[in-house]
Each structure stands twice: as C-alpha cells, then as structure tokens.
Amino acid sequence: MMLLNRPKILRLLVGRRERGKEFIRASAVMGSALEEMPNDRVNGIDAVGGGVRDVYGEDSATEDQFITPWTFSVASGYTLLRNPRHNKGLAFTEKERDAHYLRGLLPPIVLSQEIQEKKFMHMLRQYQVPLQRYMAMMDLQEMNERLFYKLLIDHVEELLPVVYTPTVGEACQKYGSIFKRPQGIFISLKEKGKIQEVLKNWPERNIQVIVVTDGERILGLGDLGCQGMGIPVGKLSLYTALGGVRPSACLPITLDVGTNNEKLLNDEFYIGLRHKRATGQEYADFLFEFMSAVKQNYGERILIQFEDFANHNAFELLEKYRTTHLVFNDDIQGTASVVLAGLVASLKLLGGTLADHTFLFLGAGEAGTGIAELIALEMSKKTNAPVEEMRKKIWLVDSKGLVVRSRIESLQQFKKPWAHEHKPVKTLLEAVQAIKPTVLIGTSGVGRTFTQDVIEAMASFNKKPLILALSNPTSQSECTAEEAYTWSKGRAIFASGSPFDPVEHDGKVFVPGQANNAYIFPGFGLGLIMCGAIRVHDDMLLAASEALAAQVTDEHFAKGLIYPPFKDIRKISSHIAANVAAKAYELGLASRLPQPRDLVKYAESCMYSPMYRFYR
Ligand SMILES: NC(=O)C1=CN([C@@H]2O[C@H](COP(=O)(O)OP(=O)(O)OC[C@H]3O[C@@H](n4cnc5c(N)ncnc54)[C@H](OP(=O)(O)O)[C@@H]3O)[C@@H](O)[C@H]2O)C=CC1
Ligand SMILES: CC(=O)C(=O)O
Ligand SMILES: [Mg+2]
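Residues numbered from 1 in each chain as written. Chains lettered and ligands numbered in written order. Predicted model: local features only at pLDDT ≥ 70, side-chain atom pairs only at ≥ 80, totals over all residues. Heavy atoms only, no water.

This part covers the site of ligand 2. Neighbouring ligand 2 are Tyr164, Arg217, Leu219, Lys235, Glu307, Asp308, Asp330, Asp331, Asn472, Asn516 and Asn517. Between Asp331 and ligand 2, the recorded distance is 3.0 Å, taken from a side-chain N or O atom to an oxygen atom. Asn472 has a polar side-chain atom sitting 2.8 Å from an oxygen atom of ligand 2. Contact with the protein chains removes 90% of the 210 Å² of surface that ligand 2 exposes when unbound. In terms of residue class, the shell around ligand 2 is built from two nonpolar, three polar and six charged. No fewer than three residues from each of domain 2 (161-324) and domain 3 (333-517) sit in the shell around ligand 2. (Near = heavy atom within 4 Å. Polar contact = N/O pair within 3.5 Å; in protein donor to acceptor, adjacent residues only side chain to side chain. Areas by Shrake-Rupley, 256 points an atom, 1.4 Å probe, with all protein chains shown as cover. Nonpolar A, V, L, I, M, F, W, Y, C, P; charged D, E, K, R; others polar. Domains from an automatic or database assignment.)

This is the structure:
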C-alpha cells in the first residue's frame, strides 16, 4: 500500500489545477488518497486525527501553513466569497485576492479576524431584540463559518443565550416567518422510501454526528413541527463551539411527520407538512427507514443524538436503537448526566453523600425520570445497595399529582419504577410537605410552578435547600433566580436550565448556575467520536458527570456555584471527552486502537479551531 502524506496529496492535486476553470474532482481523489494515509500519531498526540478525522486538512495545518480551500472543486472568485466554509470576507490577504480572482469583488481594505470579530460584536450589541441577534448570528454562520465560531467560542457566555436557550425557542416558534435559507436536511413523509437518496443530497460525506428531532416537544414550548429545526442547528453549533467537533462533520436533521399544532397548521408561513402527526406503525416504519439509511450511509460509528421528541416516542426509540446504533437521547441521558454532576458537586456545600438526600421532581417525563434513574444508579454504585432500594429516595410529581403505587395501572412504563407506597397527594406543595425533600428539581415544562409557598416550605426544613428549575426556555422556568433567593432568604443553592443574571439579596450577590445539558453533550459526543465508540453505555454518562463535577473549584463553591462557568467549556469538554473515551475503552466499546496515553491532550488535539487558514 502506497502511503502518502497530506501535503504531498495536496501538491499532487494542485499540480492538476488549470487557471480560470472549476477544477479537479477533488472529493473522489482525496477520499481514496486519504484512505491510504497512515493513522495520525496517536500516542504522540501532536497530530490531529484519530477520532475526528481531518479529511479536508482544515486542522492539521498549523495556523501559518497553507491549505487549499476545497469544496467539490477548488473554490475561487465569487464562489469562494459565497462559500461560508472558506469565506473570510475582508480578511482575505492581498496575495489571496490575487491568487483567487477576488480583485474588485472586495473593497481594498484588509482586516484581521480580530477586527472582524470586534466589529461584529459591536454590531450585534446594537440590537436590543434577542431574535434580531439570533438572526444576525445565523446570517453570519451562513456567510463566514469560521468567524461565527470564533465569536461563539470567544464570547460563549454572552452568545449562548442567543444561539441557544432561551432565544432559539422563540426562533423555532417564528421559524416560518424568519426563514431565509434552509439549514440541515428536512426529511418529510413525502420522502418515505427515498431517505437514503435524500441523505446523499447533503454535500458532506464524512458526517460524525447527527442531531435529529421530529419537533414534537421543543423545549417546554410543545409541538412546533418542522420548525423545530432551530434545535438541531443550535445543538450542533454547540458541538463545534463547545466540544470542538468540526462543523463539516455535523448534520442537523428534522423529520417532518406532520404536526398537531393547530396554530401552525393554519399559519400561512408554516414550512412543514400541513397534516396531523403520523403515529403508530407509520411513524415506526418511517423512523426505522431513517435509522437504517443513516447507518448504511455513514457507517457503524455515526453518532445519532435524539433531541426534543415527545416522551411517548423518545423512550421507545432509545430502547429500540441503543443496541444497534450509536444513539444518545440528550433530554433523557444528557440532562441526567449534567444534573448528577451538579448534585455531586453540591455535596461540597451541603455535606453528606447522595444517599443521605431525598429528591422530589416536578415533572415525570424524559428529563425527570432520566435524571432520577441516573441518580439511583450512582447511589447504588456508591453504596452497593440495589438500584430498586435507591429509587425509594426519589419521588416524582406529574400533572396528576405524586406518582404513587395506587396509580400503577394507569402509569406509562417509564414512571412505574417510581410508584412508591404513599397515600395519594395532589399538589406539589402537599408533596413537598409530605416528602420533605432536600432537593427539588423542576422538569415539568411549566413556568412559575415553584411558588412562594413551595420555596418557603423547602426553606423551612432545609438549611440550604437545593432548587433546580430546569425547564426551558426562561418563560417555562419553574421559578426565577430572584424568587429562589428571595423566598428562601438567601439560603437556596439554585441553578436553572436557561440562564439568569446574578441577583442581589440583602446586600449579597448570588450567581445562579445554569444546569443545562449543553455542559455534557458536546464533550460526551467528542469522547465517543474520538475513540470510535460503537455504543453508548450508562457508565459513560456517570463518567461524564464525574468529569464535570471535578471541574468545580473552591472559588466556584465560594460563589454558591455548583457548575463551572461556561467560559471554560472547551477545557471542561476535553475532560468529559477523555473520561467518556476512557470508559469506552474499559468497556471494550471503543474501536479506535491503540488507546492514546493522554486522553485529555488527545481530546484537545482533536478540537476544531476557528482561526482562518491561509490559502495558497
Ligand atoms: N435544563 C436542561 O438541560 C433540560 C431541560 N429540559 C426541560 O424540561 C422540561 C420537560 O422536558 P421533558 O421531561 O422532556 O418533557 P416531558 O413531556 O417528557 O415531561 C413533562 C412532565 O411534566 C409533567 N407536567 C406537565 N405539566 C405539569 C403540571 N402542571 N404539574 C405537574 N407536572 C406537570 C408531565 O406530566 P404528565 O406525565 O402527567 O403529562 C410530565 O411528566 C422542558 O421544559 C425542557 O425544556 C429538558 C431537557 C434538558
Ligand atoms: C436543553 C434541552 O435539551 C431542552 O430543554 O430540551
Ligand atoms: Mg432538548
């Protein structure tokens, strides 16, 4: 087998370039040539490679090396300016403007990426309306991908609420009216029987992660049908910015099986199918075709993240495909992992062990039961007691009241393990008074349900009540940070799914944490990808939690925080990725061998950098 190094391949290909034309069938040639490349050094970790294959040479070149801006052909001139992956706008150098037929297509000034970034942030901050900021960011992503990611990485705490919760929720609600250019792949029932062909229309071949939704439970906003696309797009931009997975390896997909949202069905700007949702066998067959086509197209190691499916499908899909595909349900598993991390960290403030605590949830769906199950698993591992025993410390309230044994016949399958012996209890306040939890977790999707009575009751028998209001977006949060601190007289340890600003109470400033699965899934996904994991195992979720909890320092605890700040997210993600990959190797679920010696450094070396590259 002839081994070629990457610069040599590029020289060979560029040698065939003809002036003024669209060139070379690059993807086919490069694909086969790269197959012949030796594995990048794994234990030496100085080369990018391994899990996140650098097919286009985007990241293996150092920042001062030249790379070729491949699309399907060598992009130049007007086409280059309109290609978001390679466009640099005013940052094209004089030399590049000459070599790539850009003269006259740009004004004469040459700006650095830093000045472009400063200018864009200045422009963005002029917008007072969050949705305008969202739209400006989406425009930037469509225009200049590297600048988009540079902004997002450098200003993560400021821009996360723009491209993610809460603003992405509003964007999904108004997606039809603000729709300009399609993002990701829309697969509707019209494409039934042809899903494999539809996937082939996507220009990238080397996809490593798909985030897919059917739009039925978008955040706490309900069924938004095809307009749920904002969620996979937003989640995948975090895969890149927070977890370092290359954008070309990310594919957002929305499955349009209809919507039961009457408002959307009657909205002239709605972009999806105008009929009720497919259910039963029709839905299952469609999903089966999709899952098979994905695996056939992208292979065994493609990561499929289910996002914002309604719970009547979410649990079944996860159960059905977890043994045949590399699947991960962010709402059930990612949320569980992030909450467990916060709870483990909070023990430093509260004292004792997890098993010393009593947990009460408002909301017994995907997030609620997912978190509950992982807490029980962790307690069981720590105490050597059976999981069934540990579950008894965890109670859930749904829309009908406390989940208790007498309701068992009518309960959905995923609630049954939580139906403990207790007399029926109707309201959350009564449940709080009866169970006397030390930890109260909101996963109901219903805003302002942690009322003053509820928080005061929690504060009456807990020195430091731990209150997590996880529902998104902000409008659905069970309470605000201010309410939690005020009603508990400054004693609550509080975190929420969507961000809240710091609160001043009694002369003291409280900084609320953000308990959001965005801490977990980017690093978790990177870990799976970089070790070539073939299946997700619950122990990997525990490994991710442990890594996240370990990133909370005394300085954070001093501020009452149980999560580290998002500004450190890339470092956090590399530790999560390393722990997840280590667990995959330990369980024999990693396919990329040998195992790198230093997994944290290896994870860092795999991460995408948004710095511009120089074009030859
Ligand atoms: N912070 C984070 O990282 C995450 C946050 N979330 C948020 O959590 C929320 C719930 O998501 P998910 O679990 O997937 O949704 P589900 O629909 O699966 O579950 C919602 C649960 O809340 C219950 N519920 C609804 N209304 C009430 C009410 N008035 N009183 C008591 N219980 C009620 C439902 O009861 P019943 O079963 O009787 O219908 C159900 O058990 C969403 O807002 C979502 O955005 C989700 C994932 C991650
Ligand atoms: C954060 C998230 O995944 C949700 O609210 O659904
Ligand atoms: Mg979600």
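Angles at a metal have ideal values that depend on geometry: 109.5 degrees with four tetrahedral donors, 90 or 180 degrees with six octahedral donors. Coordination sphere of the magnesium ion (ligand 3), protein contribution only: Glu307 (OE), Asp308 (OD) and Asp331 (OD), at 2.1 Å. Ordering the donors of the magnesium ion (ligand 3) by residue number gives the pattern E-D-x22-D. Residue Glu307 is located in the loop between strand E5 (303-306) and helix H15 (311-321), and its partner Asp331 is located in helix H16 (residues 330-350); the two are separated by 24 residues in the primary sequence. For Glu307, a relative accessible area of 1% corresponds to the buried category. By relative accessible area, which is 6% here, Asp331 ends up buried. (Donors = N, O, S within 2.8 Å, 3.2 Å for Na, K, Ca; no water. Helix = DSSP H or I, 4+ residues; strand = E, 2+ residues; numbered from the N terminus. Buried < 20%, exposed > 50% of the residue type's maximum accessible area, 1.4 Å probe, protein only.)

Note on placement: Gly222 falls in the loop between strand E3 (209-213) and helix H12 (230-241). Note on Gly222: relative accessible area 25%, which makes it partly exposed. Residues Gly222 and Asn261, 39 residues apart in the sequence, show an inter-C-alpha distance of 8.5 Å. Not counting residues up to four positions away in its chain, the partners in contact with Gly222 are Gly215, Glu216 and Arg217. (Contact = heavy atoms within 4.5 Å.)

A word on the UniProt feature "domain: Malic enzyme NAD-binding" (unreviewed entry) in the protein. The UniProt record annotates "domain: Malic enzyme NAD-binding" (unreviewed entry) at residues 332-585. Spanning residues 332-585, this segment combines 44% helix with 12% strand, and its end C-alpha atoms are found 24 Å apart. (UniProt positions renumbered as here; feature names shortened; annotations may be inferred.)

Turning next to the pairing of strand E6 (residues 326-329). Burial of E6 is two-sided: the residues Leu326 and Phe328 facing one way and the residues Val327 and Asn329 facing the other way are all buried. For E5 and E6, the ladder comprises four bridges, and the chain directions are parallel. Directly across from Ile304, in E6, lies its bridge partner Val327. For the crossover that starts at E5, traverses H15 and ends in the parallel E6, the hand is right-handed. (Pairing = 2+ DSSP bridges. Right-handed = clockwise from strand over helix to strand, strands pointing away.)

Moving on to helix H5 (residues 113-126). An α-helix turns once per 3.6 residues; consequently, residues spaced three or four apart project the same way. Here H5 spans 20 Å end to end across 14 residues, near enough to the 20 Å set by a 1.5 Å rise per residue. By the burial criterion, the buried members of H5 are Gln113, Gln116, Glu117, Phe120, Met121 and Leu124. One side of H5 holds all its buried residues, which, seen down the axis, span an arc of 130°. Residues of H5 that are exposed and point more than 90 degrees away from the buried face comprise Lys118, Lys119, His122 and Gln126. Where H5 is buried, its residues touch helix H6 (130-143), helix H7 (145-154) and helix H8 (156-163). (Expected span 1.5 Å × (residues − 1). Arc of directions from axis to C-beta.)

In this section: the sheet that holds strand E11 (residues 466-469). A sheet is described by the order of its strands in space; here seven strands give the open sequence E9-E8-E7-E10-E11-E12-E15, paired in mixed fashion. The sheet is open, and its two borders are formed by strand E9 (401-402) and strand E15 (513-514), each paired with just one other strand. By the bridge criterion, four bridges tie strand E10 (residues 439-442) to E11 in an arrangement that is parallel. Looking at E11, one finds that Leu440 is bridged to Ile467. Helix H17 (residues 366-383) rests against strand E7 (359-362), strand E8 (394-398) and E10 of the sheet, and its axis sits at about 175° to E8. (Axes fitted to C-alpha atoms, helices over the stretch in contact; angles between N-to-C directions.)

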